[in-house]
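# Results of the structural survey
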Amino acid sequence: MTTEIQRFGTSEEDDEEMGMDVKEEDDDDDDEEKNSETPIMVGVDGGFAASSNNNQYMQHQQFQEQPTAQAGSRRCRPLEEKERTKIRERQRRAVTAKILAGLRRHGNYNLRVRADINDVIAALAREAGWVVLPDGTTFPSTSQGIKPAGGASTTALTSTSSHVPMQQSPPASMIGICSGYKSSTEYNACGMKGVFVPSSSPYDVSSSSRSHSGAMVGAGGEGAENHPLIGGSVSVDAVDNKQVIDIPQKLHERDFAGTPYVPVYVMLPLGVINMKCELIDPDGLVKQLRVLKSINVDGVMVDCWWGIVEAHTPQEYNWNGYKRLFQIVRELKLKLQVVLSFHECGGNVGDDVCIPLPHWVAEIGRNNPDIFFTDREGRHNPECLSWGIDKERVLRGRTAVEVYFDYMRSFRVEFDEFFEDGIISMIEVGLGPCGELRYPSNPVKNGWRYPGVGEFQCYDRYFLKSLRKAAEARGHSFWARGPDNAGSYNSRPHETGFFCDGGDYDGYYGRFFLTWYSQVLVDHGDRVLSLAKLAFEGTSIAAKLSGMHWWYKTASHAAELTAGFYNPCNRDGYAAIMAMLKKHGAAINFTCAEWGMLGHQLDFSESLSDPEGLAWQVLNAAWDACIPVASENALPCHDREGYNNISERAKPLNDPDGKHFCAFTYLRLGPLLMERDSFVEFERFVKRMHGEAVLDLHS
């Protein structure tokens, strides 16, 4: 039995690791039928192939048909061995269950309840930038090769990269797809030549053969064996006992030399100032800022947290830590972009610290939870104050707008010298959750997961009073309610009566409700920015806008509707927002600069998402209104492909009006950015954003 298993190039343990189910009972007749069938051989690319003309294959087939008394049926094993196998299988499944639970809870992977190892592999592949079709066909999303037809794993596919000349050899049995993905450290390896890599047999699928197929040898003799993105994805020609690996040509890049200068800022870590308003590790920060200055980064962006500065008592502000930080920035001759953050930090993607709202606000909220946004189930979200109290004196005798203005005025007086010296170049005013002008319609803490439509957040008593007043003014007092058929946080549009095609969102009541709901958002931005313009006269101010891109290809645009953007397919939901920003001379900070890369992180197959379409709608709406557009990356970015996407969007090619971003902020300063390979790519990105020439494009 051992000899036969070794000849087939597999083992019982391999079967268990691959997730094969173990049957407790066997049928001798079934075994005889299986032995009499023509075996299906596995090609080097993982597909199935049957070749009756190959002598080696015929000998292999004859060997399979020869019964051996020593081995007998593979499944006729002693009872003790079966029990050990079942125990190992239970342990494997237990480990798999824990992995799935961890990915659902901490990784925000959209895995079904009864997900198996295939779902996990597909999710990881999509996160790494691959496309996984429902039938399992997998290919790199940025490949320049031809995408395979669904299920046609044996079809010969060719890549557009030039093939390395080679000697006369028999025809290849399989041709793979050449990956267009390269990390920042792989671009210098593009000149490597294809080489022959020996393989034990074109039909051998043993572990040793698989490790050889993933090896990549360059001109210097260095290998990239078992590379998670290279193995199994490069173009491989199987020729008898040899494999040829094609190395794609260097990725074509646009030359940004001579293009407009776009300032580049770097966002400081969230915890750079602690809850006592003290600067953490000033010496380490100085070293990092000097390194940034050495590559001509224009400045840094920092959050000034309401929950730190006015933490304990109303109108008692502690700016000590920020004073020290600003002095360091000035000494290094860097600029400052300041975010006045009136929301809590913690609980959202990317938050690694916890900074709640001021304690005195939380105390008021315990007695009057309606000062926070509230969903249909009555759950209150303490991430930020409800816009319903903008003009309600419920905060120790002050309205929410007055609280914001007092905070802004204190900041302006405290840091007057930095304004006068031009060190502070922009003030971004927080207007909602995550500092963005939107409703908190998709809170993870309440169970929302991508790509759920979210829920309307208008059920605190102040919002309901405003809705009732609007309904009575319209003459339909029975419209003073939220939609009762809009589903829950994780519903899909077609599952609801409100968001489905032809749903209530486009009826008389739906249009009334959505008009009121979106107007509250515009009015809130109008009130706060009017006071910000007064407090920071002579300094640029900005508002942050996020891209709710999922369900953009549906008629209702459900995710945008619950977030407050009344932007269905038959209406422009951003024109009113841009008009409001234009009124106050405010810029827009749009947080979807790398929309071309979002497909690498999220699965769009079921969410009908179009981040690029949404981004261009928002950007063109801003540019048409002559509003300056700044941006920042919403996802981590450390490779050249991601930087190239940002550069392309920052400076659109062949735009007749020369439109471009007024600034870009990189999120965020940390150890990963300071690693050598990452930092080299970032320095290159800064030069291109500044319109400078880079050596590798001009050598």
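In short, a report on the structure. (Residues numbered from 1 in each chain as written. Predicted model: local features only at pLDDT ≥ 70, side-chain atom pairs only at ≥ 80, totals over all residues. Heavy atoms only, no water.)

## Quick word on the packing of helix α14 (residues 461–474) against helix α15 (residues 508–535)
Heads up, the condition is: Only the stretch in contact is used when a helix axis is fitted, and all axes are lines through C-alpha atoms; the angle between N-to-C directions ranges over 0 to 180 degrees. Per the convention used, a helix needs a DSSP run of H or I reaching at least four residues, while a strand needs a run of E reaching at least two, with both numbered from the N terminus. Throughout this description, any angle smaller than 35 degrees is read as roughly parallel, any larger than 145 degrees as roughly antiparallel, any in the 65 to 115 degree range as roughly perpendicular, and the remainder as oblique. Rotating anticlockwise by less than a right angle from the far helix to the near helix defines a left-handed crossing, while the corresponding clockwise rotation defines a right-handed one. Residue contacts follow a heavy-atom distance rule, with two residues in contact if any of their heavy atoms lie within 4.5 Å. Classes in brief: Ala, Val, Leu, Ile, Met, Phe, Trp, Tyr, Cys and Pro nonpolar; Asp, Glu, Lys and Arg charged; the others, Gly included, polar.
Their axes nearest at 11 Å, the elements α14 and α15 cross at an angle of 130 degrees. Judged by the inter-axis angle, α14 sits oblique to α15. Regarding α14 and α15, the two cross each other, and that crossing is right-handed. Only Phe512, Phe513, Trp516 and Val520 of α15 make contact with α14, whose side of the interface consists of Phe463, Ser466, Leu467, Ala470, Ala471 and Arg474. For the contact of α14 with α15, the per-class residue count stands at eight nonpolar, one polar and one charged.

## Description of the pattern of salt bridges
Where we set the bar: Put simply, a salt bridge is a Lys or Arg side-chain nitrogen that is within 4 Å of an Asp or Glu carboxyl oxygen. Residue exposure (1.4 Å probe, protein chains only): buried if accessible area is under 20% of the type maximum, exposed if over 50%, otherwise partly exposed.
One pass over the full model with this rule turns up 28 salt bridges. Arg398 is the partner of Glu310 in a salt bridge, and the nearest nitrogen-oxygen pair spans 3.3 Å. Remark: Arg398 occurs in the loop between β12 (380–385) and α12 (400–414) and Glu310 occurs in the loop between α9 (306–309) and α10 (320–331); sequence separation between them is 88 residues. Here Arg398 falls in the buried class, since its relative accessible area comes to 9%. In this structure, Arg412 engages Glu420 in a salt bridge whose closest nitrogen and oxygen atoms are separated by 3.8 Å.

## With respect to the layout of surface pockets
Just so we agree on the cut-off: Lining residues are those with an atom within 4 Å of a point, where the points come from a 1 Å grid over the protein atoms alone and group into cavities, where a 1.4 Å probe fits but cannot get out, or pockets, open sets with protein on both sides within 12 Å along at least five of seven lines. Grid points are joined across faces, edges and corners, and a volume is the space filled by probe spheres set on the points.
Reported here for the second largest pocket is a volume of approximately 510 Å³. Taken together, 18 residues form the lining of the second largest pocket, with Lys391, Ser466, Trp516, Val520 and Arg527 sitting closest to its centre. Considering only residue class, the lining of the second largest pocket consists of seven nonpolar, four polar and seven charged.

## Re unusual backbone geometry
In this model, Tyr450 is joined to Pro451 through a cis peptide bond whose omega is 5 degrees. Locating Pro451 in the fold gives a position in the loop between β13 (424–429) and α14. Following Leu667, the chain continues into Arg668 via a peptide bond in cis, with omega recorded as 5 degrees. Positionally, Arg668 belongs in the loop between β17 (663–666) and α20 (671–674). With a phi close to 60 degrees, Cys277 is a non-glycine residue in the positive phi region. Mapped onto the elements of the fold, Cys277 is located in the loop between β8 (264–267) and α8 (282–294). Even without being glycine, Gln315 reaches a positive phi, approximately 65 degrees. Take Gln315: it is sitting in the loop between α9 and α10.

## Here's the deal with the environment of Asp406
Relative to the helices and strands, Asp406 resides in helix α12. For the pair formed by Asp406 and Leu531, sequence separation is 125 residues and the distance between their alpha carbons is 9.7 Å.

## Describing empty space enclosed by the protein
Gaps left between atoms are located by rolling a probe of water-molecule size over the structure's atoms. If you walk through the whole model with that rule in mind, you get four cavities of 30 Å³ or more. For the largest cavity, the calculated volume is near 70 Å³. Around the largest cavity, the lining residues are Phe342, His343, Cys384, Leu385, Trp387, Tyr404, Gly430, Leu431, Gly432 and His524.

## Focus: the sheet that holds β13
Pairing between sheet strands relies on hydrogen bonds along the backbone, with the strands arranged either parallel or antiparallel. Put simply, the test is: The pairing criterion is simple: DSSP has to find at least two bridges between the two strands.
In space, the eight strands of this closed barrel follow the order β8-β9-β10-β13-β14-β15-β16-β17, with parallel pairing throughout. The average undirected angle you get between the axes of adjacent strands in this sheet is 30 degrees. Pairing analysis gives three bridges linking β8 to strand β9 (residues 299–305), with the strands arranged parallel. Each bridged residue has a counterpart across the sheet, and for Val266 the counterpart in β9 is Val300.

## Focus: α14
Note: α-helices contain 3.6 residues per turn, so residues at a spacing of three or four share the same orientation. So the rule is basically this: Residue count minus one, scaled by 1.5 Å, sets the expected span of a helix. Polar contact is defined as a pair of N or O atoms within 3.5 Å, subject to the rule that within protein one atom must be able to donate a hydrogen and the other to accept it, and that residues adjacent in sequence are counted only when both atoms are side-chain atoms.
Counted at 1.5 Å a residue, the expected span for α14 with its 14 residues is 20 Å, and the 20 Å between its end C-alpha atoms agrees. For α14, every residue scored as buried is listed here: Tyr462, Phe463, Leu467 and Ala471. In this structure, the buried side of α14 is in contact with β11 (372–374) and α15. Between the side-chain oxygen of the N-cap and the backbone nitrogen of Tyr462 there are 3.0 Å, and the N-cap of α14 in question is Asp460. A positive phi of about 90 degrees marks Gly475, the residue just after α14.

## Things to note about the pairing of β12
Strand direction decides the pairing type here: β11 and β12, joined by three bridges, are antiparallel. When the sheet's bridge partners are listed, Phe372 is paired in β12 with Leu385.

## Details of the side chain of Glu344
By the element assignment, Glu344 lies in the loop between β10 (335–341) and α11 (359–367). Here the side chain of Glu344 touches Lys445 through a polar contact of 2.8 Å, side chain to side chain. Apart from the residues lying within four places of it in its own chain, the contact partners of Glu344 are Trp305, Ile355, Pro356, Leu357, Pro382, Glu383 and Lys445.

## Notes on the state of the cysteines
The condition is simple: For this text, the term disulfide refers to a pair of cysteine sulfurs within 2.5 Å.
If you walk through the whole model with that rule in mind, you get zero disulfides. With no disulfide of its own, Cys277 has Cys304 as its nearest cysteine by sulfur position, at a separation of 8.2 Å. Accessibility expressed as a relative area gives 2% for Cys277, which makes it buried.

## Regarding the packing of aromatic side chains
Spelled out, the test is: Pairing of aromatic rings covers Phe, Tyr and Trp, the last through its six-membered ring, and needs centres within 6.5 Å; plane angles under 30 degrees mean stacked, over 60 mean edge-to-face, and all others mean tilted. Only when the NZ atom of a Lys or the CZ atom of an Arg is both within 6 Å of the ring centre and within 35 degrees of the ring normal do we say a charge sits over the ring.
Evaluated as defined, the whole model comprises 49 aromatic pairs. Taking NZ or CZ as reference, Arg481 lies 4.2 Å from the ring centre of Tyr509, over its face. Sitting over the ring of Tyr508, Arg511 keeps its end group 5.1 Å from the ring centre.

## Some words on the pairing of strand β16 (residues 629–632)
Using the following cut-off: Orient the strands so they point away from the viewer; a crossover is then right-handed if the path from the first strand over the helix to the second runs clockwise.
Neither face of β16 is left uncovered, since the one carrying Val629 and Ser631 and the one carrying Ala630 and Glu632 both have all their residues buried. Inspection of the sheet shows strand β15 (residues 587–590) paired to β16 by three bridges, in the parallel sense. Bridged to Ile588 within β16 is Val629. Note that β16 and β17 share three bridges and pair parallel. Its bridge partner lying in β17, Ser631 is registered against Phe664. Taking the sense of rotation as the criterion, the β-α-β connection linking β16, helix α19 (residues 640–650) and β17 turns out right-handed.

## Looking at the packing of α19 against helix α21 (residues 676–689)
Think of two packed helices as two axes; the pair is described by the angle between the axes and how far apart they sit. Packing of α19 against α21 leaves a shortest axis separation of 10 Å and a crossing angle of 15 degrees. Taken together, α19 and α21 sit at an angle that is classed as roughly parallel. Seen from above, α19 lies across α21 with right-handed handedness. Here α19 contributes Arg640, Tyr643, Asn644, Ile646, Ser647 and Ala650 to the contact with α21, which in turn contributes Glu681, Phe682, Arg684, Phe685, Arg688 and Met689.

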